[in-house]
Every structure is written in structure tokens, then in C-alpha cells.
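# Observations on the three-dimensional arrangement
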Amino acid sequence: MGETRRRFDPEFRAGAVRIVRETEKPIAQVAKDLGINAGTLANWVQMDRLAREQDTNGGELAESEREELARLRRQRAEWAKERAELEMERDVLKRSVVLWVREAMGR
């Protein structure tokens, strides 16, 4: 049987990352003290570093990033419209099948 994955709430994650950041202890030592995998804690620390770097950039996007974001938003809107149309078609087909079955059974 496989092992069950442990889930850690955001407060625990933030606390573990804060310990690494403020005490400057090695990640492996902090992970051992907390009873978690060092690789897991290293991932959390890396995500925190990336988030902090993005915050220090002021959250401003480069021109190419803005263009890509606009393109993705347009594409998402197109897909949402297409999905709505497909859902309507599906619903019509469901209703027609129900009517066809009722008619075939003589009801």
C-alpha cells in the first residue's frame, strides 16, 4: 500500500519558511526539527523567494508579458463562449433523446 500524503496548512508552511529566513539555519536542520521532508521545505522556501522577488519588482509586467496576458485572456473568453455553446447543444441533444425514448416506448 502507498503512503498517504501529509497536508500542511498555509500557516504551518509560512511559519516554517519564516524560521528558515529569520534564523538562517540550514533547511535540512529546520525540516528535521519540524519533522518534515527537507525537499518539501526547500520547495516552500523557493516559492517564498520567488514571491518576494516578484513583490520587489512592484508587480509590473514587461511589455511582452502584458501582451501574453492579454492574449491568454482573449483565448479564455473565446473558450468560455465555445463551452457555453457546447453545453447548450448538449442540453438540446439530451432533451431530444429523452423525447425519442418516450416516443419509442409509446408513452
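Residues numbered from 1 in each chain as written. Predicted model: local features only at pLDDT ≥ 70, side-chain atom pairs only at ≥ 80, totals over all residues. Heavy atoms only, no water.

## Things to note about a nonpolar patch on the surface
A surface patch of nonpolar side chains, amounting to about 430 Å² of accessible area, comprises Val-97, Trp-100, Val-101 and Met-105. The topology assignment puts Met-105 in the segment after α4 (63-104). (Patch = residues over 30% accessible without salt bridge, like charges linked within 9 Å, V, L, I, M, F, W, Y side chains within 5 Å. Areas by Shrake-Rupley, 256 points an atom, 1.4 Å probe, with all protein chains shown as cover. Salt bridge = Lys/Arg side-chain N within 4 Å of Asp/Glu carboxyl O. Helix = DSSP H or I, 4+ residues; strand = E, 2+ residues; numbered from the N terminus.)

## Quick look at the packing of helix α1 (residues 10-23) against helix α2 (residues 27-34)
It is the contact of α1 with α2, at a shortest axis distance of 10 Å, that shows an interaxial angle of 140°. When the axes of α1 and α2 are compared, the pair comes out oblique. For the pair α1 and α2, the crossing hand works out as right-handed. Across from Phe-12, Ala-16, Ile-19 and Val-20 in α1, the residues of α2 making contact are Ile-27, Val-30 and Leu-34. (Axes fitted to C-alpha atoms, helices over the stretch in contact; angles between N-to-C directions. Parallel < 35°, antiparallel > 145°, perpendicular 65-115°, else oblique. Left-handed = near helix turned anticlockwise from the far one by under 90°. Contact = heavy atoms within 4.5 Å.)

## Focus on the packing of aromatic side chains
Inspection of the entire model under this criterion finds 3 aromatic pairs. Each ring, one from Phe-12 and one from Trp-44, has its centre 6.2 Å from the other, and the planes form 90°; the classification is edge-to-face. Separated by 32 residues along the polypeptide, Phe-12 in helix α1 and Trp-44 in helix α3 (residues 38-56) bring together distant segments of the chain. Since its relative accessible area comes to 6%, Trp-44 is described here as buried. An aromatic cluster is present here, built from Phe-8, Phe-12 and Trp-44 joined pairwise through their rings. (Phe/Tyr/Trp six-rings, centres within 6.5 Å; stacked < 30°, edge-to-face > 60°. Buried < 20%, exposed > 50% of the residue type's maximum accessible area, 1.4 Å probe, protein only.)

## Things to note about the pattern of salt bridges
Tallied over the full model, the rule gives 6 salt bridges. In this structure, Arg-21 engages Asp-48 in a salt bridge whose closest nitrogen and oxygen atoms are separated by 3.0 Å. In this pair, Arg-21 sits in helix α1 while Asp-48 sits in helix α3, placing the two residues 27 residues apart along the sequence. Bridged by salt links that share partners, the residues Arg-21, Asp-48 and Arg-52 form one connected network.

## Examining the nonpolar core
Of all hydrophobic cores here, the largest spans 9 residues; its members are Ala-16, Val-17, Val-20, Val-30, Ala-31, Ile-36, Leu-41, Trp-44 and Val-45. Broken down by secondary-structure element, the contributors of at least two residues to this core are α1, α2 and α3. Once residues lying within four places of it in the same chain are set aside, the contact partners of Ala-16 are Val-30, Leu-34, Leu-41 and Trp-44. (Core = buried A, V, L, I, M, F, W, Y, C linked by side-chain atoms within 4.5 Å.)

## What about the confidence of the model for the protein chain?
Per-residue confidence for the protein chain gives a mean pLDDT of 89, with 93% of residues at or over 70. The spread of mean pLDDT over the elements of the protein chain runs between α3, the lowest at 87, and α4, the highest at 94. (pLDDT = per-residue confidence, 0-100.)

## Focus: α4
Taking 1.5 Å of rise per residue, the 42 residues of α4 would be expected to cover 62 Å, and the 61 Å separating its terminal C-alpha atoms lies within 8% of that figure. Once α4 ends, the next one or two residues include Gly-106, with phi positive near 75°. (Expected span 1.5 Å × (residues − 1).)

## A look at unusual backbone geometry
Even without a glycine there, the phi angle at Glu-24 is positive, about 60°. Along the polypeptide, Glu-24 turns up in the loop between α1 and α2.

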